[in-house]
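# Summary of the model geometry
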Amino acid sequence: MDSPDVESGRPAKRDEPVSTDPEAAREASVPRQRRPPAQEQASGAPGSEAPAGGPAEAPAERFWRAGRLEPMPIRKLPKAPPSIHILGPTVFLVALGVGMGESYMWPRLVLVFGPEIRWLFLIGVTLQAVVMLEMARYAMATGESIFFGAARVFKPLMWFFFITAIAVYIWPGHLSAGASAFERVTGIPWQATAVAGMLLVGVVFTLAKVVYNLLENVLSICIGLLVVGTAVVAAMVGSFADLASTVTGMFAIGYMPEEALSPAWFPIIVGSIAFAGPSGMQQMWYTLHLRDKGAGMGAHIPQVRGLRHAGEQESMPSRGFMFDTSDSAEMGKWKGWRRWVAFDALLLFWGITMLVTISFTVLAQASARLDPGVTEVIRDGERDAALDAMAGAFSAAGSPVLGTVFFLFIALIGLNATLGLFDSFSRGQADMTYHFVPGAKRFSVSKLYAFFLWGLILFGIGVLLFGPADGPAAILDVLAFLSTFAMGAYCVVLLLVNNLTLPKPIRPGIVSNALIGFAALFYLGALFYSLFAFGVVVS
Amino acid sequence: MGARTAAPAPAGGVLLYAEAALPGAAIGLVAGSFGAVTAALAGLGAGLTGAIAAGMGAPLALLGGVYGVLVGRGVVAPGAIGPAALFWVVAFPAARLAEEAFVAAALGHGAVLREPLLSFLLFQAMLSLGFAIGFLWLHERLAPRWFHRIRSRNPVAAALSAHYAPPPGRPPRG
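### Remarks on the overall build of chain B
Broken down by element type, chain B carries seven helices and zero strands. The linear arrangement of helices and strands in chain B, starting from the amino end, is α-α-α-α-α-α-α. The burial tally for chain B puts 48% of its 174 residues in the buried class. Put simply, of all contacts in chain B between residues at least 6 apart along the chain, 76% involve residues at least 24 apart.

### Notes on the overall build of chain A
Within chain A, the regular secondary structure consists of 20 helices and two strands. The 539 residues of chain A split such that 57% are buried. When contacts within chain A are restricted to residue pairs at least 6 apart in sequence, long-range pairs at least 24 apart make up 81% of them.

### Describing the environment of Glu-19 of chain B
All names here are of chain B. Structurally, the position occupied by Glu-19 is in helix α1 (residues 13–20). Note on Glu-19: 18 C-beta atoms within 10 Å, which makes it partly exposed. Sequence separation between Glu-19 and Gly-72 is 53 residues; the distance between their C-alpha atoms is 10.0 Å. Ignoring anything within four residues of it in the chain, the contact list for Glu-19 reads Ile-150, Asn-154 and Ala-157.

### What about the packing of helix α5 (residues 119–142) of chain A against helix α20 (residues 510–534) of chain A?
Residue and element names in this part refer to chain A. At a closest axis distance of 10 Å, the pairing of α5 and α20 adopts a crossing angle of 120°. As the angle between them shows, α5 and α20 are arranged oblique. Read as a crossing pair, α5 and α20 show a hand that is left-handed. In contact with Leu-127, Val-130, Val-131 and Glu-134 of α5, α20 contributes Ser-512, Leu-515, Ile-516, Ala-519 and Phe-522.

### Concerning α1 of chain B
Residues and elements named next belong to chain B. Considered for burial, the residues of α1 that qualify are Leu-16, Tyr-17 and Ala-20. Looking straight down α1, one finds its buried side chains confined to an arc of 95°; they lie on one side. Opposite the packed face of α1, turned more than 90 degrees from it, sit the exposed residues Val-14 and Leu-15.

### Some thoughts on the packing of helix α5 (residues 81–107) of chain B against helix α6 (residues 117–150) of chain B
Residues and elements named next belong to chain B. For the pair α5 and α6, interaxial distance at closest approach is 7 Å and the crossing angle is 130°. When the interaxial angle is binned, α5 and α6 end up oblique. Along this stretch, α5 crosses α6, giving a crossing that reads as right-handed. The segment α5 lies against α6, with Ile-81, Ala-84, Ala-85, Trp-88, Val-89, Phe-92, Pro-93 and Arg-96 engaging Leu-121, Gln-124, Ala-125, Ser-128, Leu-129, Phe-131, Ala-132, Ile-133, Phe-135 and Leu-136. Residue composition of the contact of α5 with α6, by class: 15 nonpolar, two polar and one charged.

### Side note on the environment of Ala-85 of chain B
Within the secondary structure layout, Ala-85 of chain B lies in helix α5. Beyond its immediate stretch of four places on either side in the chain, Ala-85 of chain B contacts Leu-129 and Ala-132 of chain B.

### Observations concerning the nonpolar core
Ranked by size, the top nonpolar core spans 200 residues in total, and within it Met-132, Met-135, Ala-150 and Val-227 of chain A together with Phe-135 of chain B carry the most contacts. Of all the elements, helix α14 (residues 328–370) of chain A adds the most residues to this core, at 19 residues. When neighbours within four sequence positions are excluded, Val-227 of chain A is seen to be in contact with Ile-352, Leu-355 and Val-356 of chain A together with Gly-130, Ile-133, Gly-134 and Trp-137 of chain B.

### Things to note about the environment of Ser-426 of chain A
All names here are of chain A. Looking at the element boundaries, Ser-426 is found in helix α17 (residues 400–436). A residue is classified by how many C-beta atoms lie within 10 Å of it, and Ser-426, with 26 of them, is buried. Filtering out sequence-adjacent residues up to four positions away, Ser-426 remains in contact with Tyr-449, Phe-452, Leu-453 and Leu-456.

### Regarding the confidence of the model for chain A
With 76% of its residues at a pLDDT of 70 or more, chain A shows a mean pLDDT of 77. Counting contacts from residues 1–54 of chain A, a segment whose pLDDT is below 50, to residues more than four positions away or on other chains yields 94 contacts.

### Here we look at the confidence of the model for chain B
Confidence in the prediction for chain B averages 79 pLDDT; 78% of positions are at 70 or higher. Taken element by element, chain B is modelled with least confidence in helix α3 (residues 34–41) of chain B, mean pLDDT 60, and with most confidence in helix α2 (residues 22–32) of chain B, mean pLDDT 90.

So, how was this worked out
Residues numbered from 1 in each chain as written. Chains lettered and ligands numbered in written order. Predicted model: local features only at pLDDT ≥ 70, side-chain atom pairs only at ≥ 80, totals over all residues. Helix = DSSP H or I, 4+ residues; strand = E, 2+ residues; numbered from the N terminus. Buried ≥ 20, exposed ≤ 12 C-beta atoms within 10 Å, placed from the backbone. Contact = placed C-beta atoms within 7 Å. Axes fitted to C-alpha atoms, helices over the stretch in contact; angles between N-to-C directions. Parallel < 35°, antiparallel > 145°, perpendicular 65-115°, else oblique. Left-handed = near helix turned anticlockwise from the far one by under 90°. Arc of directions from axis to C-beta. Nonpolar A, V, L, I, M, F, W, Y, C, P; charged D, E, K, R; others polar. Core = buried A, V, L, I, M, F, W, Y, C linked by C-beta atoms within 7 Å. pLDDT = per-residue confidence, 0-100.

Structure, rendered in structure tokens:
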């Protein structure tokens with residue numbers, strides 16, 4: 001249970017403020033982290049007489065006891081940055097979230113059922129924005145991941161996610177989808193692109209000094225190009241009528257054609273709602289990215305380094321930290337952090353996901369107008385054929401360049417998702433392993449990160465070279481059930497963690513709790529209804 | 001960290017502002033030539049590729065540069081979405097209109113637009129929000145590095161670089 005002084009001796013980072021303003025100077029008096037006195041550690045053990053609902057007082061150091069694990073020392077909350085600067089870990093959620101759902105599944109549903117079906121997308125993305133805010137609540141208040149929070153409530157919950165992550169995310173389906181699109185443009189076999197891409201990701205993350213900084217830079221450029229590019233292309237091929245129907249369709253609340261409730265379509269619609277924005281465990285990993293960004297109390301936790309710089313990796317404290325919620329100045333800073341993350345969640349995450357999917361829907365509607373046969377191909381549901389048809393429609397209309405652009409967007413989405421997923425998976429598994437696998441602390445976090453990263457890469461290459469050869473779509477479809485189940489499960493965990501382990505002044509309100517509870521019912525209810533009523537899993 | 005007040009032009013003004021506006025212009029150029037790059041990949045003729053590149057790339061590069069100048073002058077707050085969205089809601093439809101006219105002229109087409117002018121402009125204005133966010137996202141990522149790099153010789157960049165000095169993140173080490 002080492003609790004080293006993570007601040008001392010830590011090399012200066014590019015991220016660190018160098019301001020001379022008085023507020024920042026006052027912040028410089030943040031007390032150093034110290035090992036809790038032995039008697040304090042003992043007092044946090046199960047059965048201790050910790051007062052509930054507020055920080056426990058101790059002569060030398062104060063702690064917040066949450067659940068049955070080690071108590072969190074009280075530290076200063078850093079001042080929140082201004083929210084107008086659109087830089088932050090949201091880029092990871094956008095990179096992971098803008099995927100096949102936005103580029104293919106929802107445009108497909110619009111062509112089959114009409115733009116009115118998009119109200120379900122609005123519901124799905126809005127729920128995800130609320131989940132994002134609640135994930136951030138725990139991560140920013142403690143500097144711990146949501147996995148650690150789950151372990152504070154009930155350790156088997158954390159192990160459930162550890163195993164689910166391996167079961168769901170070791171398959172390289174997300175990568176093969178983008179690589180297939182790249183094959184359409186260049187003719188290079190998708191397996192070769194996928195293997196080369198995985199090796200490249202492994203080498204780059206291994207050489208990076210601080211993995212987070214590198215990845216945030218790369219993903220920001222990729223997402224920026226995607227957003228700008230889709231807007232430009234949609235502006236060139238779409239029409240006002242396409243856009244107007246796409247936008248107004250989002251507010252046709254309650255629209256549900258009979259066919260949408262059929263055994264053929266209901267599971268697809270449930271899967272599409274799950275794929276609206278980040279799916280599966282991506283929201284849980286967001287808590288790790290917030291921490292590495294230094295959001296809230298994450299500022300007291302060192303960043304994960306690439307394997308080549310593992311020697312410079314600072315020791316990871318054995319638990320997070322809490323701020324003094326009885327101090328009005330600290331609560332003022334907390335409100336600043338909540339504003340910062342709300343801006344990220346609502347404008348950037350929600351807004352960008354909406355904009356990209358609107359652009360893709362406009363593209364799909366334009367392609368169907370140019371070639372009505374596209375609708376039939378898309379209705380049949382074979383993804384590769386549908387993507388071919390959408391690209392072909394643009395080409396047939398005298399703009400072959402647009403078919404190429406369309407495939408390049410799909411390839412770019414695949415690249416973003418691959419970069420984000422490889423990092424996120426390794427980060428999450430390394431975090432859980434470091435804290436909860438006996439003896440793992442003898443390795444640094446950067447070594448554990450590298451272990452999971454290269455394990456994922458080697459397994460992925462093995463599957464691509466020797467696994468089932470029935471194409472990438474089959475791999476993606478199998479993951480949908482588990483992804484949806486994990487989403488329902490993390491909503492339940494979120495309710496427990498935020499309401500049981502946080503001090504009362506920063507617990508979620510009734511509205512947030514109700515929305516997260518609704519999300520849990522929605523994901524799990526629709527999933528099991530589909531399973532028992534129709535005998536099919538979501539797809 | 002609000003909007004800076006409009007500053008009087010420093011000595012050697014225009015070139016200094018132009019230099020500070022380069023990231024915006026570069027992003028506009030890249031966005032505009034997005035189609036042209038892929039046109040080359042798709043094996044289209046040099047004529048059509050050039051028409052797309054010039055028709056879209058030049059106006060967006062110019063307007064991206066204008067945005068950079070407005071930021072340098074303090075008219076537009078760096079990193080703020082509202083002013084950027086307002087700027088592009090006018091600039092993006094204008095750039096698209098210029099591109100449609102240029103390509104039609106270059107290819108000898110009689111009709112410039114496929115739909116009525118008002119619908120066209122409204123459609124472009126609505127999509128401009130997406131473009132504005134993407135543009136700003138890239139600008140916030142690239143411009144601070146550029147300002148930092150040229151700040152010793154360019155007072156406009158130095159002022160902007162100072163604005164970006166305390167980024168979000170970790171507290172000073174105690």
